[in-house]
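# Chain and residue survey
Next come the chains, spelled out residue by residue.
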Amino acid sequence: MAKFSRKTYALYVKNFIFGVEDSLVSTIGLISGVAITGVARGTIIITGIILIFVEATSMGIGSLLSEHTAEEYSKKKNTPFGTSIVAGSIMFVSYFLAGFIPLSPYLFLESMTAFWVSIVFSLVALFVLGVVSGKIFKINKIRKGLEMLLLGGLGVLVGVIVGVIVQNYLI
C-alpha cells in the first residue's frame, strides 16, 4: 500500500468527507423538497439521478481545479496535476456513491414512505460519517457524529421548507 505524506492523507480524507457530506445533504435536500410537492415517484427518481451525476462531476472537477490552483499558488509555479487528480477522483466517487443513500428508498417504496425512509437513512449516514471522521482524527466521535447530523440535517429542513413553499404558493 502506498504511503502518503500527512498533508496528502489529509487532502484525500477531506475530499472524501466533503464528497459524502455534500452528496447526502444536497441529494436529500433536493429530493425531499421535490417529493413533498407530491410529484410522481418517477420524477423524484429522475431528478435524483440527474443531480447525482451532474453534482458528482461538478464536485470532482471543482476539487481537482481548486486543489491544483492552491498547489500552484503555494509553489508559485505551474505544477502537474498529480495529487489533485486523485483528490478530485475521491470527491467524485464519494459524492456519486453517497448520493444513492437518500435516493435508494424511492427505487423500492412508494413516495411518502420513501420520503421518511430516505430522511432517516441520510441522517444516520451523516451521523456515521461524523463518527468515522472523529475516529480518523482522534477526536470525540459522538460529538462529531452529532455535529454532522445536526448541521447536515439543516439541508433536509431547507429542502422540505422550500418544497412546501413552492407547492403552496407557486404551483
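Below is a summary of the structure that appears in this document. Keep in mind the model is a prediction, meaning the values are calculated, not measured. Residues take numbers from 1 onward in each chain, read along the sequence in its written order. Reporting of local features is limited, given that this is a predicted model, to residues whose pLDDT is at least 70; pairs of side-chain atoms are given and counted only at 80 or more, and all residues count toward the totals for whole chains, interfaces and linings. Neither water nor hydrogens contribute to the side-chain values; these are computed over all heavy atoms in the structure.

## Remarks on the packing of helix α4 (residues 111-136) against helix α5 (residues 141-170)
Our working definition: Only the stretch in contact is used when fitting a helix axis, every axis being a line fitted to C-alpha atoms; angles between N-to-C directions are given from 0 to 180 degrees. Going along the chain from the N terminus, every DSSP run of H or I of four or more residues is numbered as a helix, and every run of E of two or more is numbered as a strand. Crossing handedness follows the turn of the near helix against the far one: under a right angle anticlockwise gives a left-handed crossing, and clockwise gives a right-handed one. Only heavy atoms enter the contact rule, under which two residues are in contact if any of them lie within 4.5 Å. Each residue gets one of three labels, nonpolar for Ala, Val, Leu, Ile, Met, Phe, Trp, Tyr, Cys and Pro, charged for Asp, Glu, Lys and Arg, and polar for the others, Gly among them.
The geometry of α4 relative to α5 is characterised by a closest axis approach of 7 Å and an angle of 145° between their N-to-C directions. α5 is crossed by α4, and the crossing has right-handed handedness. On α5, the residues that touch Phe 115, Ile 119, Leu 123, Leu 126, Phe 127, Leu 129, Gly 130, Val 131, Ser 133, Gly 134 and Lys 135 of α4 are Lys 141, Ile 142, Lys 144, Gly 145, Leu 146, Met 148, Leu 149, Gly 152, Gly 153, Val 156 and Val 160. Here the contact of α4 with α5 is built from residues that sort into 13 nonpolar, six polar and three charged.

## Some remarks on the packing of aromatic side chains
Note the cut-off: For this analysis, a ring pair means two rings from Phe, Tyr or Trp (six-membered ring only for Trp) whose centres lie within 6.5 Å, classed as stacked if their planes differ by under 30 degrees, edge-to-face if by over 60, and tilted for the remaining angles. Each residue's exposure class comes from its accessible area (1.4 Å probe, protein chains only) as a fraction of the maximum for that residue type: buried when under 20%, exposed when over 50%, partly exposed otherwise.
In total, this model carries four aromatic pairs according to the counting rule given. Between the aromatic rings of Phe 115 and Trp 116, the centroid separation amounts to 4.9 Å while the plane-to-plane angle is 90°, which identifies the pairing as edge-to-face. For Phe 115, a relative accessible area of 2% gives the class buried. Overall, the relative accessible area of 55% leaves Trp 116 in the exposed class.

## Quick look at the environment of Leu 103
Along the polypeptide, Leu 103 turns up in helix α3 (residues 83-108). The residues touching Leu 103, leaving out its near neighbours within four places in the chain, are Ile 31, Ile 44, Ile 45, Gly 48, Ile 49 and Ile 52.

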